[in-house]
Amino acid sequence: LDGKIATVTNASRWITGESSRRMVHRMRHQLSAVMVGVNTVVTDDPLLNIRLKGQWKNPLKIIADSHGRIPLEAKVLTNDPQLTIVATTNLADKEKLKAIERMGSQVLVCPAKKGQVDLVHLMHMLGAMEIGSVMIEGGGTIAFSALQEGIIDKVVCFIAPKILGGANAPTPVGGEGIAKMEEALNLREMRTTKIGEDIMVEGWL
């Protein structure tokens, strides 16, 4: 309820309930790709696949990693590496990028913008590859950058009936933030749905 996505020690399993987690897995199935920032990979080491009973098509996994910090033992590289795309810049070590490619994953070198992957350029590259939809799952740094760059069409937020507190606990949207209230991004056509004990908020930008 207080907007945190982890505790002050980065513990995040599980904030939302099982019903919400199943919903996210179904959303992964509906879209072409799932994208996270490298901080999420380093902190949580997610699989980014679909773990539901039955036949489901796993999405592509895109990691925004401007400096090539992704560990070679990360689950997204060791599990179905052919589904993983590491989006990086010339700031990354070339030998590290070659090692990632040898593992079976694809590397996309994008221009750097303020030391980070140029997300607008990345979206154009993905579009050229016929990747038509991307769900950005986090974390806070890439979420703010994506909103700032105007590449987000829709926001889906899950709110759990829990209070974590902590001034330094991670929030879903981090980055530099905005300076003036007039600069806030307002959602339109917003709707709320109860998912188990959680609330799902959807809206368009």
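Scroll up to find the structure this text is about.
These numbers were taken from a predicted model, which means no experiment stands behind them.

The rules behind each value
- Residues numbered from 1 in each chain as written.
- Predicted model: local features only at pLDDT ≥ 70, side-chain atom pairs only at ≥ 80, totals over all residues.
- Heavy atoms only, no water.
- Buried < 20%, exposed > 50% of the residue type's maximum accessible area, 1.4 Å probe, protein only.
- Helix = DSSP H or I, 4+ residues; strand = E, 2+ residues; numbered from the N terminus.
- Arc of directions from axis to C-beta.
- Contact = heavy atoms within 4.5 Å.
- Polar contact = N/O pair within 3.5 Å; in protein donor to acceptor, adjacent residues only side chain to side chain.
- Pairing = 2+ DSSP bridges.
- Axes fitted to C-alpha atoms, helices over the stretch in contact; angles between N-to-C directions.
- Lys, Arg positive; Asp, Glu negative; His and termini not counted.
- Salt bridge = Lys/Arg side-chain N within 4 Å of Asp/Glu carboxyl O.
- 1 Å grid on protein atoms, 1.4 Å probe; cavity = no way out; pocket = protein on both sides within 12 Å on 5 of 7 lines; lining within 4 Å.
- Points joined across faces, edges and corners; volume = space filled by probe spheres on them.
- Nonpolar A, V, L, I, M, F, W, Y, C, P; charged D, E, K, R; others polar.

Participant: Help me get a handle on helix α4 (residues 94-102), residues and values and all.
Facilitator: Taken as a whole, α4 has its buried residues at L97, A99 and I100. Each buried residue of α4 sits inside an arc of 155° when the element is viewed along its axis, so together they form one side. Of the surrounding elements, those touching the buried residues of α4 are α3 (75-78), β3 (84-88) and β4 (106-109). With a side-chain oxygen lying 3.2 Å from the backbone nitrogen of E95, the N-terminal cap of α4 falls on D93. Just beyond α4, the residue with positive phi is G104, at close to 110°.

Participant: Tell me about the pairing of strand β9 (residues 188-195), and please be specific about residues and values.
Facilitator: Regular strands place their side chains on alternate faces of the sheet. Of the strand pairs in this sheet, β9 and strand β10 (residues 198-204) are connected by six bridges, and their pairing is antiparallel. Bridging from a neighbouring strand, K194 pairs with I199 of β10. Hairpin geometry of β9 and β10 is characterised by an intervening segment of two residues between the two adjacent antiparallel strands and by a positive phi of about 60° at G196.

Participant: For the sheet that holds strand β8 (residues 154-159), give the residues involved together with the corresponding values.
Facilitator: Read from one edge to the other, the open sheet built from three strands follows the order β8-β10-β9, with strand pairing classed as antiparallel. Whereas interior strands pair on both sides, the edge strands pair on one side only; in this sheet they are β8 and β9. For this sheet, the mean inter-axis angle between neighbouring strands, taken without regard to orientation, is 15°. Across six bridges, β8 lies against β10 in antiparallel orientation. Residue F158 lies in a different strand from β10, and its bridge partner there is M200.

Participant: Report on the sheet that holds strand β2 (residues 60-64), specifying residues and quantitative values.
Facilitator: Strand order in the open sheet made by the five strands is β4-β3-β2-β1-β7, with parallel pairing throughout. Looking along the sheet, the strands with just one partner apiece sit at the ends: β4 and β7 (134-138). Mean inter-strand twist for the sheet, computed between neighbouring axes without regard to direction, equals 25°. Across five bridges, the pairing between strand β1 (residues 33-37) and β2 is parallel. Each residue of the ladder has a partner; that of M35, found in β2, is I62.

Participant: So what about helix α6 (residues 140-148)? Which residues, and what values?
Facilitator: Those residues of α6 that fall on the buried side of the exposure criterion are G140, I142, A143, F144 and A146. Residues of α6 that are buried sit in contact with β1, β2, α5 (119-128) and β7. Remark: G150 follows α6 within two positions and exhibits a positive phi of approximately 75°.

Participant: Could you give an account of the side chain of D65, with specific residues and numbers?
Facilitator: Its location among the elements puts D65 in the loop between β2 and α3. Buried charged residue D65 carries no salt bridge. Nearest counter-charge: R69, at 5.0 Å. A polar side-chain atom of D65 sits 2.9 Å from the main-chain amide nitrogen of I70. Ignoring any residue separated from it by four or fewer positions in sequence, one finds D65 in contact with V38, I70, V86, A87, T88, T89 and V117.

Participant: Mind laying out unusual backbone geometry, listing which residues take part and the relevant values?
Facilitator: Of note, the amide linkage connecting R13 to W14 takes the cis form, showing an omega dihedral of -10°. Checked against the element boundaries, W14 lands in the segment before α1 (18-30). Here E189, not a glycine, exhibits a phi torsion of approximately 50°, which is positive. Looking at the secondary structure, you find E189 in strand β9.

Participant: Run through empty space enclosed by the protein, naming residues and quoting values.
Facilitator: Left-over empty space is what a probe sized like a water molecule reveals as it rolls over the atoms. Summed over the entire model, instances satisfying the criterion amount to one cavity of 30 Å³ or more. Taken as a whole, the largest cavity spans an internal volume of roughly 40 Å³. Forming the walls of the largest cavity are L47, L48, N49, N58, P59, K61, N79, D80 and L83. Residue composition of the lining of the largest cavity, grouped by class: four nonpolar, three polar and two charged.

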